[in-house]
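# Architecture at a glance
Each chain, letter by letter, is given below.
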Amino acid sequence: MVHKISAEHLTIERIGEIIDKGYKIELSDDARNRIVKCREYLDRKIAENRAPIYGVTTGFGSLCNVSIGGDHLAQLQINLMMSHACGTGDRVPNEIVKIMLLLKVQSLSYGYSGCKLDTVERLVDFFNNDVYPVVYMQGSLGASGDLVPLAHLTLPLVGLGEVEFRGKVMSGADMLRRNGWKPIQLASKEGLALLNGTQNMSAFAVWALLAGQRLCRQADAIAAMSLDAYCGLVEPFTDAVHQVRPHSGQIQTAATIRQLLAGSGIVDTPKSYVQDPYSFRCIPQVHGAAKDTLGYVKSVIDTEINSATDNPTVCPDDDLIISAGNFHGEPIALPMDFLAIAMSELANISERRIYKLVSGTRGLPSFLVANPGVNSGFMITQYTAASIVSLNKSLCTPSSVDSIPSSQGQEDHVSMGANAAIKLYKVILNTQRVLAIELFNAAQALEFRRPLRSSKPIEAIYDDYRKVVPFIVNDEVMYPHIRHSIEFLQQNDFGGVCD
């Protein structure tokens, strides 16, 4: 299967499909023509124009007033890439690196960057042959784009840096030899085109949006199981309640919970109480707000990934080469901070439901074991969830409110969007872990409602889950079950029961 890179709108869902199904990519004829046209125009302007062009015939950042002679223009680009590869910390996961490659090719294909065709085609080769440049999480200010991570992403084009290829980490030079490829000979402006841009931040954001959509579906299904296991009330999910406060996510969530619990024998049992705790009663309001936030962030990232974000911007049709600020990460830094807060709330309310399930109320045994006292049961699963939720709260301090000047003050306001992206990534993983712990508890609690049965969708999830995680009779080592619960969520989308 092949995806054609073109100027047509690239959706986040399409990116997910390309990555998940192992698509190859290739440049469309239009994209190739755009790239060639822009490069030819740039070469003519360099030959004809004696005025300095930032990053093309000048130095970078605060060195923008230093003119570079024509015989040094190619070396200028190599030096830029080498000097900017200052990353540290953990490696960016290969899945996100692959999204970075796709987004970089997409951005360069619009023909506003000045890259040569062979340079872009080699990035396509990296994508299609599962060449994963070694990129580090720390180093980007999200200002002139993602200079540091994109330097690591593109160094292997010229035989520098490191890659993971066929399961082994090797030098960029070794990877080129193994594939029979020659190092790319960079022309003027190419290093800047490769390093400027928001593809690192955007790749994290795309990954987080795809994961966040999945978590929203899973959170609804797990919450529905917890609600039934807690013998909760379904009246708060009545459509009329939500039509008088018609937030889209709230209405959608209430409808999903009604659908998931339709036909449950537990729902139909008489109840003496008239209210549930907020963590059950307000599922539509909290989960729905997370969905609405995700929708807003998706609209912003959708625009970003269909944009040219390097500098200077080269516009052949308008006969313009302008140094501006399309690389600045502010438009996506703020939404990524917002999305981290929304996803953390899914974990926050999930932990509260865990607490109620182990609290020894509503006819459930203390800590969800038949013989509490001798057995601690699920007591400490709530501790673990609480620990993770607390960490998420720390991670949700916005990165985008900070700015530290760089490049001798030339880059005097930065977005810190890359830090927002890293925090968002961690919050997503933490939220998945808390939801997995809730599922562990909810399935255990559901057993104590037997012989009553929940709905067909909930029982189907329960049956699949029991294939990997057992009912706990007496105390046993719990961490493998938590790990298997996380793996269960990684392997099961829940789309079939939540659509």
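Right, let's walk through the structure included here. (Residues numbered from 1 in each chain as written. Predicted model: local features only at pLDDT ≥ 70, side-chain atom pairs only at ≥ 80, totals over all residues. Heavy atoms only, no water.)

## Re the nonpolar core
- Ranked by size, the top nonpolar core spans 138 residues in total, and within it I15, L27, M175, L194, M225, I301 and M343 carry the most contacts.
- For this core, the element with the highest residue contribution is helix 9 (residues 199-229), accounting for 19 residues. (Core = buried A, V, L, I, M, F, W, Y, C linked by side-chain atoms within 4.5 Å. Buried < 20%, exposed > 50% of the residue type's maximum accessible area, 1.4 Å probe, protein only. Helix = DSSP H or I, 4+ residues; strand = E, 2+ residues; numbered from the N terminus.)

## Examining the sheet that holds strand 4 (residues 131-133)
- The strand order across the open sheet formed by 3 strands is 4-6-7, and the pairing between neighbours is antiparallel. Looking at strand neighbours, the two that pair on one side only are strand 4 and strand 7 (168-171), the edges of this open sheet. Going from strand to strand, the sheet's axes swing by 35 degrees on average, the running direction of each strand aside.
- Both strand 4 and strand 6 (residues 162-165) contribute to a ladder of 3 bridges, which runs antiparallel. (Pairing = 2+ DSSP bridges. Axes fitted to C-alpha atoms, helices over the stretch in contact; angles between N-to-C directions.)

## A word on the environment of H481
- With respect to the helices and strands, H481 occurs in helix 18 (residues 479-491).
- As for H481 and V468, which are separated by 13 residues in sequence, their C-alpha atoms are 8.2 Å apart.

## Section: helix 11 (residues 248-261)
- Given a rise of 1.5 Å per residue, 14 residues ought to cover 20 Å, and the 20 Å separating the end C-alpha atoms of helix 11 matches this to within 8%.
- For helix 11, the set of buried residues is G249, Q250, T253, A254, T256, I257, L260 and L261. The buried residues of helix 11 occupy an angular sector of 160 degrees when projected down its axis, which confines them to one face. (Expected span 1.5 Å × (residues − 1). Arc of directions from axis to C-beta.)

## Points about helix 18
- Spanning 13 residues, helix 18 covers 18 Å between terminal C-alpha atoms, matching the ideal 18 Å at 1.5 Å per step.
- Looking at helix 18, one finds that the buried residues are P480, H481, I482, S485, I486, F488 and L489.
- Here the buried face of helix 18 lies against helix 9, helix 16 (417-447) and helix 17 (456-466). (Contact = heavy atoms within 4.5 Å.)

## Thoughts on the pattern of salt bridges
- In this structure the tally under the stated criterion is 29 salt bridges.
- The partner of K298 in a salt bridge is E13, and the shortest N-O contact between them spans 2.1 Å. One end of the pair, K298, is in helix 13 (residues 283-304); the other, E13, is in helix 1 (residues 12-20), with 285 residues separating them in the sequence.
- The exposure class of K298 is partly exposed, given its relative accessible area of 23%.
- Between E459 and R450 there is a salt bridge whose closest N-O contact spans 2.8 Å.
- One salt-bridge network, in which partners are shared between bridges, spans R14, E17 and K21. (Salt bridge = Lys/Arg side-chain N within 4 Å of Asp/Glu carboxyl O.)

## Overview of unusual backbone geometry
- Omega for the peptide link from N311 to P312 comes to -5 degrees, which places this bond in the cis form.
- At the junction of R450 and P451, the peptide bond is cis and its omega measures out at 15 degrees in the coordinates.
- When you line up the elements, P451 lands in the loop between helix 16 and helix 17.
- Even without being a glycine, C231 presents a positive backbone phi close to 60 degrees.

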